[in-house]
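# Architecture at a glance
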Amino acid sequence: MTTFYDGNILSASQLNDLVMRVNALEEGAIGVNLGFAEITLTRTNRNAYYQVTHKYNWLHLRFAEGNNKTNLRVYYGNTLVYSSPGNGGEYAVNVNLSSFGLSVGTLYRVWARWGEEDSSGTTLTLRYMVESDREL
């Protein structure tokens, strides 16, 4: 623990130490991970919404499409950042968010949307969604 005394002028290294500790506290308080239990989207339950403070350039997704008519669409606010191919199957995807003009530190409503035709009843299971500072 850092201790300073009243009346002393802080050195640059002491100020840097304080800034480092404040940044560490902020990391723990803000949290950017989209923590949630696995969710299944269907024709009657098409949308899932999350709040995230955007911080990192990479969005990691793991999901399963029920068939070749189902696709996952992910939006930050009104910006579409990912649309799956709709081929059916299991996916692990890295999305580079840096090209979408999102502002770091801004709270976004993240919208995961089931994008299937109404004629089918198959599902889309979103297993994992998280921001990270590197591609996985």
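A brief look at the structure comes next. (Residues numbered from 1 in each chain as written. Predicted model: local features only at pLDDT ≥ 70, side-chain atom pairs only at ≥ 80, totals over all residues. Heavy atoms only, no water.)

### Some points on the sheet that holds strand 4 (residues 72–76)
Strand order in the open sheet formed by four strands is 2-7-4-5, with antiparallel pairing between adjacent strands. In this open sheet, the two strands that pair with only one neighbour each are strand 2 (47–53) and strand 5 (79–83). With direction set aside, neighbouring strand axes in the sheet form an average angle of 25 degrees. Sheet topology places strand 4 next to strand 5; four bridges connect them, and they run antiparallel. Looking at strand 5, one finds that V74 is bridged to Y82. (Pairing = 2+ DSSP bridges. Helix = DSSP H or I, 4+ residues; strand = E, 2+ residues; numbered from the N terminus. Axes fitted to C-alpha atoms, helices over the stretch in contact; angles between N-to-C directions.)

### With respect to the pairing of strand 8 (residues 124–132)
For strand 8, the buried fraction is high: seven of the nine residues fall into the buried class. Relative to strand 8, strand 1 (residues 39–41) runs antiparallel, the two being bridged by three bridges. By the bridge assignment, I39 is partnered in strand 8 with L126. The sheet contact formed by strand 3 (residues 58–65) and strand 8 spans eight bridges and is antiparallel. (Buried < 20%, exposed > 50% of the residue type's maximum accessible area, 1.4 Å probe, protein only.)

### Here's the deal with the pattern of salt bridges
According to the stated counting rule, one finds three salt bridges in the structure shown. With its nearest N and O atoms 3.0 Å apart, the salt bridge here joins R127 to E38. With a gap of 89 residues between them, R127 in strand 8 and E38 in the loop between helix 1 (12–30) and strand 1 connect regions that are remote in the sequence. Looking at E38, the relative accessible area reads 48%, which means it is partly exposed. Across the pair R134 and D133 runs a salt bridge, and its minimum N-O distance is 2.9 Å. Because the salt bridges share partners, they merge into one network encompassing E38, E90 and R127. (Salt bridge = Lys/Arg side-chain N within 4 Å of Asp/Glu carboxyl O.)

### Quick notes on the packing of aromatic side chains
This model, assessed by the stated rule, comprises five aromatic pairs. Measuring from centroid to centroid gives 5.1 Å for F63 and Y91, while their planes differ by 15 degrees, and the two rings are stacked. With F63 in strand 3 and Y91 in strand 6 (residues 89–96), this residue pair connects regions lying 28 residues apart in the sequence. Taking 4.5 Å as the distance between ring centres and 25 degrees as the angle between the ring planes, the aromatic pair formed by Y75 and W111 counts as stacked. With Y75 in strand 4 and W111 in strand 7 (residues 107–114), this residue pair connects regions lying 36 residues apart in the sequence. A relative accessible area of 15% places Y75 in the buried class. (Phe/Tyr/Trp six-rings, centres within 6.5 Å; stacked < 30°, edge-to-face > 60°.)

### Notes on the environment of N96
Relative to the helices and strands, N96 is located in strand 6. Residues N96 and H60, 36 residues apart in the sequence, show an inter-C-alpha distance of 9.0 Å. Beyond its immediate sequence surroundings of up to four residues, N96 is in contact with N57 and W58. At a separation of 2.6 Å, a polar atom in the side chain of N96 contacts the side chain of S98. (Contact = heavy atoms within 4.5 Å. Polar contact = N/O pair within 3.5 Å; in protein donor to acceptor, adjacent residues only side chain to side chain.)

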